[in-house]
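Residue strings, one per chain:
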Amino acid sequence: MTGAGRDGFARWTRRFEDERERRNAQGDPDWERGATLHPAVWSGIQRFQVGEDGDGANLVAKADRAADPDYARAVRLFVAEEQNHARLLALLLAAGGRPTLTGHWSDTVFVRLRRLMGLRLELLVLMIAEVVALRYYRALRDGTDDALASDVAGRILADEQRHVPFHCERLHASLAELPRPARRPVMASWRLLLLAVSLVVAADHGPGLRRLGLGRRRFVAEVMASSGEVVSAVLAPLSRNAGPNQTPNARSNANGSANMKTDPARRSPHGGTRR
């Protein structure tokens, strides 16, 4: 199965490669300035770092079996971005004198679940992590006055805002293989699972979210609000799913909610491709 659009997922490969060159030219944040955050916020960063870590081997293997070389190449570049997120978060923790974790129960559950699935179901589970991560990293970027933490979160958020439409495009093509009456129930089930995961993450990260100016209820509400346009992108007619420069992308609106907008120009429930 090849990607939607005139040149399939080759467009995404070029976009990921362009972003890689931009990151290389930009260089790393200034780790020497250190970081000071509330312990509850550090705890959340530690858990998300675990989710971002991993080699993505299982996802890459499934992408290889999809018989679309451009998509397989794009997935490898996506995994590399997620690995860079893990690196950035680890260095942020080090700048604050905090260790990384060796694991977390929620990450273990998601990894085992995804390994049992085919590519379509794995991407649906991965998309739950991506949508949750979008709201968390925006809260970390905007909810702290620590310059280094805000810088790191902003870099990761920019990547995640591309990852969501990338996965939407693949899921759009994958769900098109199902009978039409089955497609909406699949995405309705996806939203129910997203709600359950959001509630777990909100409970787990409640103290840290409050320190970032985002209560549990608001976090869940805004994650679910953003999911509506994800569903629309996945179920949209083919002509609306037009690639990395036109596919819906998660961004902040004037009210600060996580809505899906057009981009003009990356897990466990804590994000990432840990395998």
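Residues numbered from 1 in each chain as written. Predicted model: local features only at pLDDT ≥ 70, side-chain atom pairs only at ≥ 80, totals over all residues. Heavy atoms only, no water.

Peer 1: What's the story with the packing of aromatic side chains in this structure? I'm lost.
Peer 2: What describes a pair of aromatic rings is the distance from one ring centre to the other and the angle between the planes of the rings. Going through the model one piece at a time under the given rule, you end up with 10 aromatic pairs. Centroid distance Trp12 to Phe16: 6.2 Å. Interplanar angle 40°. Geometry classified as tilted. Placement of the pair is Trp12 and Phe16 together in helix H1 (residues 10–26), with a separation of four residues, close to one helical turn. Take Phe16: its relative accessible area is 1%, and that puts it in the buried class. Measuring from ring centre to ring centre gives 5.5 Å for Phe48 and Tyr137, while their planes differ by 65°; the resulting arrangement is edge-to-face. Taken together, the positions of Phe48 in helix H2 (residues 39–52) and Tyr137 in helix H6 (residues 119–142) put the pair 89 residues apart, joining distant regions of the chain. Neither residue differs from the other here; Phe48 and Tyr137 are each classed as buried. Ring-pair connections join several aromatic residues into one group, and the members of that group are Phe9, Trp12, Phe16, Tyr71, Phe78 and Phe166. Arg170 extends its terminal NZ or CZ atom over the ring of Tyr71, reaching a point 4.4 Å from the ring centre. (Phe/Tyr/Trp six-rings, centres within 6.5 Å; stacked < 30°, edge-to-face > 60°. Helix = DSSP H or I, 4+ residues; strand = E, 2+ residues; numbered from the N terminus. Buried < 20%, exposed > 50% of the residue type's maximum accessible area, 1.4 Å probe, protein only. Lys NZ or Arg CZ within 6 Å of the ring centre and 35° of its normal.)

Peer 1: Can you help me understand the pattern of salt bridges in this one?
Peer 2: Any two side chains of opposite charge can pair, so long as their charged atoms come close to each other. For the structure on display, the rule yields 19 salt bridges. Residues Glu169 and Arg11 are paired through a salt bridge, measuring 2.7 Å at the closest nitrogen-oxygen approach. Residue Glu169 is found in helix H7 (residues 147–175), and its partner Arg11 is found in helix H1; the two are separated by 158 residues along the sequence. Residue classification places Arg11 among the buried residues on the basis of a relative accessible area of 12%. Glu17 is the partner of Arg73 in a salt bridge, and the nearest nitrogen-oxygen pair spans 3.4 Å. Residue Arg73 is found in helix H4 (residues 69–95), and its partner Glu17 is found in helix H1; the two are separated by 56 residues along the sequence. (Salt bridge = Lys/Arg side-chain N within 4 Å of Asp/Glu carboxyl O.)

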